[in-house]
Amino acid sequence: MASSANVMYILEHREIVQAHIQNHKLTWPPSRPDDSGNVAGDAPVKVCIRVRPLLPRDEDAQSFSLVEVQDSQMIHVTHPTIRWAGGRIATKTYDADIVFSEIASSKDVYDGMRLTQEIAQLMHQDGSELSILAYGQTGTGKTFTTTSLEEQIASEIFDLTSPDCQLSIRLSILEIRGSASYDLLSEPALQPITIFAGSGSAQFQGLSVHEVSDKEALLRLIKMGRELRLTRSTSKNDTSSRSHSIVSIKISQTKEGASEAVSYLNVVDLAGSERSSIVASHDAERVKESIDTNKSLAALKDCIRARLSDKPAFVPWRGNKLTMALKGAFENRTKQTREGHTSPSSKLFIIACVSPSVIDIEDTLNTLKYVTPFQLSAASAVDATVRQSDLQTSDDPRSWSHARSKTYITRNMPKLAALADRLLPHPSSTIASLFPLNAQALELLTNTPAPSETVPPDPRVLGAARPWISSYHKKLQDLAGKCAALDAAAAGGGKRAFGVVATASAGVRAGSMAGANSKGGLLAVLNGTDPSAHETGRVQRIFEDGTPWKAIERLESANR
Ligand SMILES: Nc1ncnc2c1ncn2[C@@H]1O[C@H](COP(=O)(O)OP(=O)(O)OP(=O)(O)O)[C@@H](O)[C@H]1O
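Residues numbered from 1 in each chain as written. Predicted model: local features only at pLDDT ≥ 70, side-chain atom pairs only at ≥ 80, totals over all residues. Heavy atoms only, no water.

In the annotation of an unreviewed UniProt entry, the protein is listed under the name P-loop containing nucleoside triphosphate hydrolase protein and assigned to Auriscalpium vulgare.

When its secondary structure is counted, the protein shows 21 helices and 17 strands. Of all 560 residues assigned to the protein, the portion counted as buried reaches 51%. In the protein, the proportion of contacts linking residues at least 24 apart, taken out of those at least 6 apart, comes to 70%. Put simply, the protein shows about 24700 Å² of open surface, and 54% of that area lies on carbon and sulfur atoms. (Helix = DSSP H or I, 4+ residues; strand = E, 2+ residues; numbered from the N terminus. Buried < 20%, exposed > 50% of the residue type's maximum accessible area, 1.4 Å probe, protein only. Contact = heavy atoms within 4.5 Å. Areas by Shrake-Rupley, 256 points an atom, 1.4 Å probe, with all protein chains shown as cover.)

What follows covers empty space enclosed by the protein. On inspection of all chains with the given rule, the structure shows seven cavities of 30 Å³ or more. In this structure, the largest cavity spans a volume of roughly 100 Å³. If you trace the largest cavity, you find 13 residues lining it, with E150, R226, R229, S245 and V247 closest to the centre. Listed by contribution, the elements that provide at least two residues to the lining of the largest cavity are α6 (142-156), α7 (215-235) and β13 (244-255). Grouping the constituent residues of the lining of the largest cavity by class yields four nonpolar, five polar and four charged. (1 Å grid on protein atoms, 1.4 Å probe; cavity = no way out; pocket = protein on both sides within 12 Å on 5 of 7 lines; lining within 4 Å. Points joined across faces, edges and corners; volume = space filled by probe spheres on them. Nonpolar A, V, L, I, M, F, W, Y, C, P; charged D, E, K, R; others polar.)

A volume near 630 Å³ is recorded for the second largest pocket. Lining of the second largest pocket is provided by 27 residues; of these, E129, F204, S248, Y264 and A325 occupy positions nearest its centre. Counting only elements with at least two residues in the lining of the second largest pocket, the list comes to β7 (165-177), β11 (202-205), β13, β14 (260-269) and α10 (321-325). Tallied by class, residues from the lining of the second largest pocket come to 12 nonpolar, nine polar and six charged.

What follows is about the state of the cysteines. Here is the idea: a disulfide is a covalent bond, and it sits between the sulfur atoms of two cysteines. This model, assessed by the stated rule, comprises zero disulfides. C353 takes part in no disulfide bond, and the closest cysteine sulfur to it belongs to C48, at a distance of 9.7 Å. Look at C353 and you get buried, because its relative accessible area is 1%. (Disulfide = S-S within 2.5 Å.)

Averaged over every residue, the pLDDT of the protein is 72; the share at 70 or more is 62%. A low-confidence stretch, residues 436-477 (pLDDT under 50), is modelled with 84 contacts involving residues beyond four sequence positions or located in other chains. (pLDDT = per-residue confidence, 0-100.)

Attention now moves to the pattern of salt bridges. By the definition in use, this model includes 17 salt bridges. One salt bridge in this structure joins D111 and K107, with 2.5 Å as the shortest N-O distance. You can see D111 and its partner K107 sitting in helix α4 (residues 106-112), four residues apart, about one turn around the helix. Close ionic contact of E331 with K327 constitutes a salt bridge, the shortest N to O distance being 2.8 Å. Look at K327 and you get buried, because its relative accessible area is 15%. Here the salt bridges do not stand alone but share partners, grouping R52, D58 and D360 into one network. (Salt bridge = Lys/Arg side-chain N within 4 Å of Asp/Glu carboxyl O.)

Two numbers describe a pair of aromatic rings. These are the distance of the centres and the angle of the planes. Under the definition given, this model contains two aromatic pairs. Note on Y135 and Y370: the rings are 3.9 Å apart at their centroids and 10 degrees apart in plane angle, and the pair reads as stacked. Placement of the pair is Y135 in strand β6 (residues 129-136) and Y370 in helix α11 (residues 361-371), with a sequence separation of 235 residues. Given the relative accessible area of 6%, Y135 is considered buried. Ring centres of Y370 and F374 lie 5.6 Å apart, and the angle between their planes is 90 degrees; this geometry places the pair in the edge-to-face category. Accessibility classification places Y370 together with F374 in one group, the buried group. Among the aromatic residues, those joined into a cluster by ring pairs are Y135, Y370 and F374. (Phe/Tyr/Trp six-rings, centres within 6.5 Å; stacked < 30°, edge-to-face > 60°.)

Attention now goes to the nonpolar core. In a soluble, globular protein the nonpolar side chains are often hidden away together inside. L300, I304, L326, F330, I350 and F374 are the most contacted members of the largest nonpolar core, which has 54 residues in total. For this core, the leading source of residues is helix α9 (residues 284-308), giving six residues. Setting aside chain neighbours within four positions, we find L326 in contact with L133, I246, N266, V268 and L300. Within the second largest apolar cluster, 38 residues are counted, among which are V109, A134, L185 and I249. (Core = buried A, V, L, I, M, F, W, Y, C linked by side-chain atoms within 4.5 Å.)

With respect to the element layout, I173 can be found in strand β7. Other than its neighbours up to four places away in sequence, I173 contacts Y182, D183, L184, L185, L207, L221, I222, G225, I246 and V247.

Here strand β8 (residues 180-183) shows a clear split, with S181 and D183 buried on one side and none of A180 and Y182 buried on the other. By the bridge criterion, two bridges tie β8 to strand β9 (residues 191-192) in an arrangement that is antiparallel. Across the sheet, residue Y182 finds its bridge partner in β9, namely P192. (Pairing = 2+ DSSP bridges.)

Looking now at unusual backbone geometry. With the exception of glycine, most residues fall at negative phi, and the peptide bonds are largely trans. Between E187 and P188 the backbone carries a cis peptide bond, its omega angle lying at 0 degrees. Of note, P188 is situated in the loop between β8 and β9. Residue R114 is not a glycine yet carries a positive backbone phi of 55 degrees. Summarising the element assignment, R114 is placed in the loop between α4 and α5 (115-124). One non-glycine residue, L190, adopts positive backbone phi at about 60 degrees. Along the chain, the position of L190 falls in the loop between β8 and β9.

Dropping the structure here:
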């Protein structure tokens, strides 16, 4: 459980925060049509987010929810930030292939991921592998989720084979705890396993494999492995699972007169990720385990990234036991389907389990930061499709998507159109990050009262932020110097153009520009290589005497 000055601050300002959340809802972009069918597409990695409900322990701590699920692919997370003006509340929006809210049942999750179809397809493709990984902070529902998925898989896998096929199911369950690995189905229990990298594949010395002939036997063994893992955690006085558990099912299907199709299905309950500040409070054994766990999660991230590469990429699976055990999940080969089109030989679902509670907010943001870069499909989908509603300009620009911001710049800011790609290089960059839009700007634009977002500075928060603020000061000074030099160069050449001052080359994060704006009227985007694309002094003057958004409008009309 995270407990920091930021969290205390949010808890103490509950009414303001909840009012912010309600106001933020008014600025949500239009929901997309229910696109959950896309989750069955052929992207090799799919990102799902599951929000667990608030638990009695959250209520006991007077905590409340900071997470709003807008639709099946969008989630908004409100969190505290530090700004020049003191403590501030902000909301981040994340896209995912599929988002499950706190009221989604286990069946909703199974159906939403279209696992029946995925498994049926898997069984027919020789050499293919499907892996489902639950990732997240401790206590967010990873075991809750994987348990129900395993049970649903066990209940239907025997029914998914064609009547003219002979089916063989073999099961093994491996536990990786720190640097050690154990067999959760061995007799006697918990035999240590040696995992090592052979030539081109991982070897599991000592891991028992169990052939099962019906769903009851499969369910019984899965339950046995889970209970053993749980008992071990409880006997060590843990409230959380400190290990990765990997349930592996090898499926062989033989059709009379045809060759055998062998495929693999893994359900992985990853150990809870822990922040280093929390790890430090454990005993030595636990610290070592947590370090190993965090290393394995970092190695997993590297392998998934490599899997996402368009070109054949080196996958560093040998680096860690977890990635060795999941080697097949990172294979980048394609298979010909029976219908004649190609499909990836391995698919991976990562389910980010998150808590909506204020006290877990830092971990929730960390979890989303870990998984969302894997979600290439949605980012490109948002980029590629500019919806009709994106062309309207009447609602809150702070909520505009990357695509909409880019369209707006291209269509309405002729002098900046050619720079649109450079100004907004990343799916997370939007017009709001370029031009910080504060509450008054919103009020002017939408004619609605400004939500009160800024709360008084809290000395505890500001104290913690002091080193960050000084380094930010320094960066702004460098930036201002650079802008002045560019301005002088452009004036000397007699060439003055519409321009704004930027952050990318100075390394200041675009999101921090709200501070730049309130500090000196120094705003915007530096096109570091093109001295004609700026007019710093003029921009500065305009910004000093108006809100950012009004200033942008004036700049636009001045430059038409
Ligand atoms: N979607 C949900 N609906 C209802 N209760 C849930 C849900 N998700 C989690 N819980 C409850 O939250 C608690 C923690 O869940 P769980 O043990 O699955 O977390 P975990 O992420 O596996 O934690 P750890 O990493 O510590 O093992 C449990 O009491 C569980 O019943």
